[in-house]
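Residue-level structure breakdown
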Amino acid sequence: MNDHVIIRQANVADAAYIQALIEELALYEKAADEVEIAVSELKENGWGKDPAFESIVAVLKDEVIGTAIFYPRYSTWKGRYMYLEDLVVSEKHRGEGIGSLLFNEVVRISEERKAAKMEWQVLEWNTPAIDFYKKMKACFDSEWINVQLTLKK
C-alpha cells in the first residue's frame, strides 16, 4: 500500500486526467475506438448544472494516477444502491494497492449514503479485475443478461 497516495473527491480540474485514465482503460479493454466523450462533455456531466456522476481520484505527488466513477441508482427490491461505472488505476501504478483504496472509499461513501448495495460490471476475460473483486468479497451474478439501447448519435 502506498502511504503517499491521497484519495479525494475529483474536481473539474481533474477532468483531463480522468479522461486519460478512461482512454487507458478502453485501450486495456480492447475498445480504444469506442470512447466518444470529450473532456468538455465530461466536465459538464460531472461538474455542470445537473451532474450525472461523481468521481474520486488517487493522487501521488500532484499526479492523478487513478479514479473511481460512480453514481446512485435505485432498486425497487433493495432501495438505494451505488453503481460503480469505472475503477481504473494507471498501468504503471497497478499492483500497489491503489485500486483497493479507491474501491474502499466508494464503499465508505455508499455506506454513508445508506446504499443497500454496490453494483458494477467486469468483462469476463479480465482475470486481474475478477480476482481483485473476489478479494473484495464481491458476488458474481451469472443469471442476468446485460441489455443496452444506444440513443446517442
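Overview of the structure. Model, not experiment: these values are computed from the prediction. (Residues numbered from 1 in each chain as written. Predicted model: local features only at pLDDT ≥ 70, side-chain atom pairs only at ≥ 80, totals over all residues. Heavy atoms only, no water.)

1. Notes on the environment of Asn11
To keep it simple, the criterion reads: Only DSSP runs of H or I covering at least 4 residues are called helices, and only runs of E covering at least 2 are called strands; the numbering of each starts at the N terminus. In the analysis that follows, any N or O atom pair within 3.5 Å is treated as a polar contact, provided that within protein one partner can donate a hydrogen and the other can accept it, and provided that, for residues neighboring in sequence, both atoms belong to side chains.
Mapped onto the secondary structure, Asn11 falls in the loop between β1 (6–9) and α1 (15–28). The sequence separation of Asn11 and Gly46 amounts to 35 residues, and the corresponding C-alpha distance is 8.6 Å. Of the polar contacts made by the side chain of Asn11, one reaches the backbone nitrogen of Ala13; its length is 2.9 Å.

2. Focus on the nonpolar core
Defined as follows: By convention a nonpolar core is built from buried Ala, Val, Leu, Ile, Met, Phe, Trp, Tyr and Cys residues, the set being connected through side-chain atoms within 4.5 Å. Burial classes follow relative accessibility: with a 1.4 Å probe on protein chains only, a residue under 20% of its type's maximum area counts as buried, one over 50% as exposed, and anything between as partly exposed. Every residue pair with non-hydrogen atoms within 4.5 Å of one another is taken to be in contact.
Residues Leu84, Leu87, Leu102, Phe103, Val106 and Tyr133 are the most contacted members of the largest nonpolar core, which totals 22 residues. Looking at this core element by element, the count peaks at five residues for helix α3 (residues 98–112). Those residues in contact with Phe103 that sit more than four places away from it in its chain are Leu84, Leu87, Met118, Trp120, Phe132, Tyr133 and Met136. Counting residues in hydrophobic clusters, the runner-up holds 13 residues, among them Ile22, Phe53, Val59 and Ile69.

3. Looking at the packing of α1 against helix α2 (residues 39–47)
Selection criterion: Between N-to-C directions, angles span 0 to 180 degrees; the directions come from axes that are lines fitted to C-alpha atoms, helices contributing only their stretch in contact. Here roughly perpendicular refers to angles of 65 to 115 degrees, roughly parallel to angles under 35, roughly antiparallel to angles over 145, and oblique to all remaining angles. For any helix crossing, the convention is left-handed if the near helix is rotated counterclockwise from the far helix by under a right angle, and right-handed if that rotation is clockwise. Amino acids outside the nonpolar list (Ala, Val, Leu, Ile, Met, Phe, Trp, Tyr, Cys, Pro) and the charged list (Asp, Glu, Lys, Arg) are all regarded as polar, and Gly is one of them.
With their axes 9 Å apart at the nearest point, α1 and α2 run at an angle of 110° to one another. As summarised for this structure, α1 and α2 are arranged roughly perpendicular, according to the angle between their axes. Helix-helix and strand crossings are classified by hand; for α1 and α2 the assignment is right-handed. Contacts between α1 and α2 involve Ala15, Ala16, Ile18, Gln19 and Ile22 on the former and, on the latter, Val39, Leu42, Lys43 and Trp47. Looking at the contact of α1 with α2 residue by residue, the class counts come to seven nonpolar, one polar and one charged.

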